[in-house]
Amino acid sequence: MKNVLSWILITFLTVSLLNNCFSNSVQKEIREKSSFLAELRKLYSSGDPSKWPKPILDPQAVPYFSEIGHLPEIQFPEDNPYSEDKALLGKTLFYDPRLSQSNQIACASCHDPELGWCDNRTFSFGHDRQLGTRNAMSILNVAYARSLFWDGRAASLEEQSEMPIRDEREMNGHIDLAAGKIAKIKGYEILFEKAFGDKMVSKDRISKAIAAFERTIKSGTSKFDQFIDGKADVYSDNELMGLHLFRTKAQCMNCHSSGYFSNNQFENVGTSSLGSKEEDLGRYLVTKNPEDAGKFRVPGLREVARTGPWMHNGSMATLTEVIQFYSRGNPEHSQKRSTVHQGIALTSEKSGFVRLLDLTDEEITQLEAFLRTLSTKPERVLPPALPR
């Protein structure tokens, strides 16, 4: 009996000791985590990026890297300076479906301010309800893009603004014919005169006016901007850890840097599906350089929570799906990595930036929480009255 009681006592003491050790260990872990988060919060909200932890960058990313932060002031080109009157003319043209052959499709049809200046569709409808072949990119913060469209085929907004007008799948018009139609509308005379000094309508002036308006479409102050400016309590712990992961373990900074959250380069993330019916050669169609097969422009991440679906083909419906895609390093299917285009053999060479990250479910949740802080509330934009 004494032996039994002794063993019970020993067992009780052992369990109590183990519980005490475990409790102390948990408490220590909690204290260390709280201390780590407090330090990160202090550094990132200091208002001084030089105090932030160093980002984890591949050597190849360094030449194109600049620290994330606020959007700089918009720069207008010397041959198309900003004026309120020009921007108003551009906004009016942006909303005017008479630039299209059918008089039914305007730039705003695919770039709706209430939908993050895109249309939240996989592919947009164009002339005769034809589907486009790529997801319509948002034009939010487009002033900071160094080339336009997923493949970078336009070098400026002035050049870009003409392309949808003449695209057979989009507005199916002709810029000269569109200019002629606008010139016949009496109500436009005063708008052109105020913007350019006289009433003359030309395709060059239409392009410049639309480009001037598009450059004004800029994000407001986000939760991220407030946080890095010193509002330390505006971020939750998950959002804070997401920011830190973005700059370190998740290695997002290799491509998504600067206040625009893009390095303005072209990368192959293994989504070109060569040799299949979904094949898209991307940048190659512009440069004819085989190394560019499957490369697409790195989009900016500001407003990313508002501009889905994501990727050039609109294939991803949630931000969680996007982050999981990069966490897995996109194990590109071997059968979709090669094709023959116009007699030329092409191979998809996935970027070395896209590799297995093995993020935990918690880390994926934290990254998404951070990305959502880059978005702002939709701004109400009233469509202009169209001239008659």
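In this report, the structure presented in the accompanying data block is examined.

Cut-offs applied
- Residues numbered from 1 in each chain as written.
- Predicted model: local features only at pLDDT ≥ 70, side-chain atom pairs only at ≥ 80, totals over all residues.
- Heavy atoms only, no water.
- Helix = DSSP H or I, 4+ residues; strand = E, 2+ residues; numbered from the N terminus.
- Buried < 20%, exposed > 50% of the residue type's maximum accessible area, 1.4 Å probe, protein only.
- Contact = heavy atoms within 4.5 Å.
- Areas by Shrake-Rupley, 256 points an atom, 1.4 Å probe, with all protein chains shown as cover.
- Lys, Arg positive; Asp, Glu negative; His and termini not counted.
- Charge placed at Lys NZ, Arg CZ, Asp CG, Glu CD.
- Salt bridge = Lys/Arg side-chain N within 4 Å of Asp/Glu carboxyl O.
- Pairing = 2+ DSSP bridges.
- Phe/Tyr/Trp six-rings, centres within 6.5 Å; stacked < 30°, edge-to-face > 60°.
- Lys NZ or Arg CZ within 6 Å of the ring centre and 35° of its normal.
- Polar contact = N/O pair within 3.5 Å; in protein donor to acceptor, adjacent residues only side chain to side chain.

## Here's the deal with the overall build of the protein
Now for step 1: The helix and strand inventory of the protein stands at 12 helices and four strands.
Now for step 2: Seen along its three principal axes, the alpha-carbon backbone of the protein occupies a region of about 110 × 50 × 40 Å.
Now for step 3: Within the protein, the proportion of its 388 residues that are buried is 49%.
Now for step 4: Summarising the internal contacts of the protein: among those between residues at least 6 apart in sequence, 71% fall at separations of at least 24.
Now for step 5: Only carbon and sulfur atoms are counted for the fraction: they give 53% of the accessible area of the protein, which is about 20100 Å².
Now for step 6: Side chains of the protein carry 48 positive and 50 negative charges; the gap between the two charge centres is 2 Å.

## Quick word on unusual backbone geometry
Now for step 1: In this structure, the amide linkage connecting G308 to the following residue, P309, adopts the cis form with an omega of 0 degrees.
Now for step 2: Of note, P309 is situated in the loop between strand 2 (296-297) and helix 11 (319-327).
Now for step 3: Backbone geometry at R129 places phi at a positive 60 degrees, although glycine is not the residue there.
Now for step 4: Summarising the element assignment, R129 is placed in the loop between helix 3 (107-110) and helix 4 (157-166).
Now for step 5: The exposure class of R129 is exposed, given its relative accessible area of 59%.
Now for step 6: Phi angles above zero are rare outside glycine, and Q251 is one such case at about 60 degrees.
Now for step 7: Its location among the elements puts Q251 in the loop between helix 9 (237-247) and strand 1 (266-267).

## Quick word on the side chain of S124
Now for step 1: Tracing the backbone through its elements, the reader meets S124 in the loop between helix 3 and helix 4.
Now for step 2: Setting aside anything within four residues of it in sequence, one finds S124 in contact with C110, D119, Q130, L131, G132 and A136.

## Concerning the pattern of salt bridges
When the charged atoms of two side chains with opposite charge come close together, those side chains can pair.
Now for step 1: Enumeration over the complete set of coordinates arrives at 21 salt bridges.
Now for step 2: Between D58 and R355 there is a salt bridge; the shortest N-O distance is 2.7 Å. Note that D58 is positioned in the loop between helix 1 (2-44) and helix 2 (84-94) and R355 in the loop between strand 4 (344-347) and helix 12 (361-372), a separation of 297 residues in sequence.
Now for step 3: Residue class for D58 comes out buried when judged on its relative accessible area of 12%.
Now for step 4: In this structure, R337 engages E349 in a salt bridge whose closest nitrogen and oxygen atoms are separated by 3.8 Å. Of this pair, R337 sits in the loop between helix 11 and strand 3 (338-341) while E349 sits in the loop between strand 4 and helix 12; the two residues are 12 residues apart in sequence, bridging distant segments of the chain.
Now for step 5: Here R337 falls in the partly exposed class, since its relative accessible area comes to 30%.
Now for step 6: Its relative accessible area of 52% is what places E349 among the exposed residues.

## Here's the deal with helix 2
Now for step 1: With eight of 11 residues buried, helix 2 lies mostly within the body of the structure.
Now for step 2: Within helix 2, the full set of buried residues consists of K86, A87, L89, G90, K91, T92, L93 and F94.
Now for step 3: Next to the buried residues of helix 2 lie helix 3, helix 5 (175-183), helix 6 (188-196) and helix 7 (203-215).

## Regarding the pairing of strand 4
Now for step 1: One ladder, built from four bridges, connects strand 3 with strand 4; its direction is antiparallel. Bridge pairing in strand 4 links H341 to I344.
Now for step 2: Connecting the antiparallel pair strand 3 and strand 4 is a turn made up of two residues, with Q342 showing a positive phi of about 50 degrees.

## What about the packing of aromatic side chains?
Now for step 1: Applying the stated criterion across every chain, the model contains 15 aromatic pairs.
Now for step 2: Geometrically, the ring pair formed by F76 and Y82 is tilted, given 5.2 Å between the ring centres and 45 degrees between the ring planes.
Now for step 3: On the basis of relative accessible area, F76 is assigned to the partly exposed category, the value being 27%.
Now for step 4: Arranged with centres 5.8 Å apart and planes meeting at 65 degrees, the rings of F94 and Y95 form a pair that is edge-to-face. The pair formed by F94 and Y95 is uniform in burial state, with each residue classed as buried.
Now for step 5: One aromatic cluster is present, built from ring pairs that chain together F94, Y95, W117 and F213.
Now for step 6: Note that R129 overlies the ring of F125, its terminal NZ or CZ placed 3.8 Å from the centroid.
Now for step 7: The ring centre of F149 lies 3.8 Å from the NZ or CZ of R153, which sits over that ring.

## Overview of the environment of E158
Now for step 1: Examined against the element boundaries, E158 turns out to sit in helix 4.
Now for step 2: For E158, a relative accessible area of 14% corresponds to the buried category.
Now for step 3: Apart from residues no more than four positions distant in its own chain, E158 is found in contact with P77, N80, S207, K208, A211 and R215.
Now for step 4: A polar contact of 2.8 Å, which involves the side chain of E158, links it to the side chain of R215.

Structural measurements only, silent on function.
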